[in-house]
Amino acid sequence: MNKNMQKLTLSAMFMAVGMVLPFLTGQIPKIGGMLLPMHIPVLLCGLICGWKYGTATGFVLPLFRSLVLGSPTLFPRAAAMAFELAAYGAVAGVLYERSKRKCIASLYFSLISAMLSGRIVWGAAQTLFLGISGSSFTWEMFTAGALFNAVPGIIAQLVLIPAVMIVLDRTGYVKFNGTNAEKTVDYE
């Protein structure tokens, strides 16, 4: 199978996972929404398929889910999430592609950078979209949405994504040496 077709197929699979995963996490009453279920497939798409596919998947997923399933609400929530998730896919993909060594350190650097960037983009988008609708987006709203309410999702991402990458490395699908602690990150 040609590489582009393979990446397109994987992106579609990540999109499907992003459509369904919120149904599963929603079954956990207290923290289901805080697990950020659409973020995980987008981050994986950026890491595995590259930044172009991760960006596209991240941007389309919340909008498509909103239009097809009605959740999240299209404006301003899904619109702001589209920019946030696009930033996740782009930053994770760019940084991981540019790392010389595919190791646990480069993976975590890419993930954490993507999470920080995505949250900043989400805050900017929320500020813009709520401003357009005549509301305001306060610092308290940003810290609650981007940090405090997101802790369970951040932990899940930092645990699950490296685990998936290690499993995919063992199958030979992705080049990842998550078990070699001696390797260091070397960015150009």
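The preceding data block contains the structure.
What counts, and at which threshold
- Residue numbers here run from 1 along each chain, matching the order of that chain's written sequence.
- Only residues with pLDDT of at least 70 are given local features in this predicted model, and only at 80 or more are side-chain atom pairs given and counted; all residues enter the totals for whole chains, interfaces and linings.
- Computation of side-chain values: all heavy atoms of the structure, hydrogens and water removed.
- Secondary structure elements are taken from DSSP: a helix is a run of H or I of four residues or more, a strand is a run of E of two residues or more, and numbering for both begins at the N terminus.
- Radius of gyration here uses only the C-alpha atoms, and the compact-globule reference equals 2.2 Å multiplied by the residue count raised to the power 0.38.
- The buried label goes to any residue with under 20% of its type's maximum accessible area, the exposed label to any with over 50%, and the partly exposed label to all in between, with areas taken from a 1.4 Å probe on protein chains only.
- Whether two residues touch is decided by their heavy atoms; if any such pair falls within 4.5 Å, the residues are in contact.
- Values of accessible area rely on a 1.4 Å probe in the Shrake-Rupley scheme; residue burial ignores everything except the protein chains shown.
- The charged-residue count follows a simple rule in which Lys and Arg add positive charge and Asp and Glu add negative charge, with His and chain termini not counted at all.
- By convention, the charge on Lys lies at NZ, on Arg at CZ, on Asp at CG and on Glu at CD.
- Under the pairing criterion, centres of Phe, Tyr and Trp rings, with the six-membered ring standing for Trp, must be within 6.5 Å; the plane angle then separates stacked pairs below 30 degrees from edge-to-face pairs above 60, leaving the rest tilted.
- Placement of a charge over a ring requires the Lys NZ or Arg CZ to be within 6 Å of the ring centre, with the centre-to-atom vector within 35 degrees of the ring normal.
- What we call a nonpolar core is a set of buried Ala, Val, Leu, Ile, Met, Phe, Trp, Tyr and Cys residues that are connected through their side-chain atoms within 4.5 Å.
- The length a helix should cover is 1.5 Å for every residue beyond the first.

Caption draft 1: Structural context of the overall build of the protein chain. Across its full length, the protein chain holds seven helices and zero strands. Start at the N end of the protein chain and walk to the C end: the helices and strands fall as α-α-α-α-α-α-α. Computed over its C-alpha atoms, the radius of gyration of the protein chain comes to 16 Å, within 12% of the 16 Å expected for a compact globule of 188 residues. On the principal axes, the C-alpha backbone points of the protein chain span a range of 50 × 35 × 35 Å. Each of the 188 residues in the protein chain was classed as buried or not, and the buried ones make up 45%. For the protein chain, long-range pairs separated by at least 24 residues make up 70% of all intrachain contacts whose partners lie at least 6 apart in sequence. Total accessible area computed for the protein chain in this model is approximately 9700 Å², and 69% of it derives from carbon and sulfur atoms. The protein chain carries 14 positive and 7 negative side-chain charges, and their two centres are separated by 6 Å.

Caption draft 2: The arrangement of the packing of aromatic side chains in detail. Within the structure shown, the criterion is met by six aromatic pairs. Ring geometry for F59 versus F83: centroids 5.3 Å apart, planes at 80 degrees, classification edge-to-face. In this pair, F59 sits in helix α3 (residues 51-69) while F83 sits in helix α4 (residues 74-98), placing the two residues 24 residues apart along the sequence. Look at F83 and you get partly exposed, because its relative accessible area is 38%. When the ring of W122 is compared with that of F137, the centres are 5.3 Å apart and the planes differ by 85 degrees; the resulting orientation is edge-to-face. Separated by 15 residues along the polypeptide, W122 in helix α5 (residues 104-132) and F137 in the loop between α5 and α6 (139-146) bring together distant segments of the chain. By the burial criterion, W122 is buried, and F137 matches it. Through pairs of rings, three or more aromatic residues link up here, namely F59, F75, F83 and F129. Against the face of F23 rests R65, its NZ or CZ located 4.9 Å from the ring centre. Seen from the ring of Y96, K102 lies directly overhead, with NZ or CZ sitting 5.1 Å from the centre.

Caption draft 3: Quick peek at unusual backbone geometry. Residue P72 is reached from S71 by a cis peptide bond, and omega for that bond is 0 degrees. By the secondary structure assignment, P72 is in the loop between α3 and α4. Across the junction of F75 and P76, the peptide omega takes the value 5 degrees, indicating a cis bond. Of note, P76 is situated in helix α4. A positive phi angle is found at L36, which is not glycine, with a value near 50 degrees. Counting through the fold element by element, L36 comes out in the loop between α1 (3-25) and α2 (39-49). With relative accessibility at 14%, the residue L36 sits in the buried group.

Caption draft 4: Broad picture of the nonpolar core. Judged by nonpolar contacts, the single largest core of 27 residues is most densely connected at L47, I48, I161 and M165. Listed by contribution, the elements that provide at least two residues to this core are α1, α2, α3, α4, α5 and α7 (151-171). No other element matches α2, which puts eight residues into this core. In this structure, A79, W122, F129 and L130 belong to the second largest nonpolar core, which totals nine residues.

Caption draft 5: Focus on α7. In this model α7 runs 31 Å from its N-terminal to its C-terminal C-alpha over 21 residues, within 8% of the 30 Å that 1.5 Å per residue would give. Every buried residue of α7 is listed here: P152, G153, A156, Q157, I161, P162, M165 and I166. Residues of α7 that are buried make contact with α2, α4 and α5. Immediately downstream of α7, the backbone of G172 shows phi near 85 degrees, a positive value.

Without other data, these values stay purely geometric and don't point to any function.
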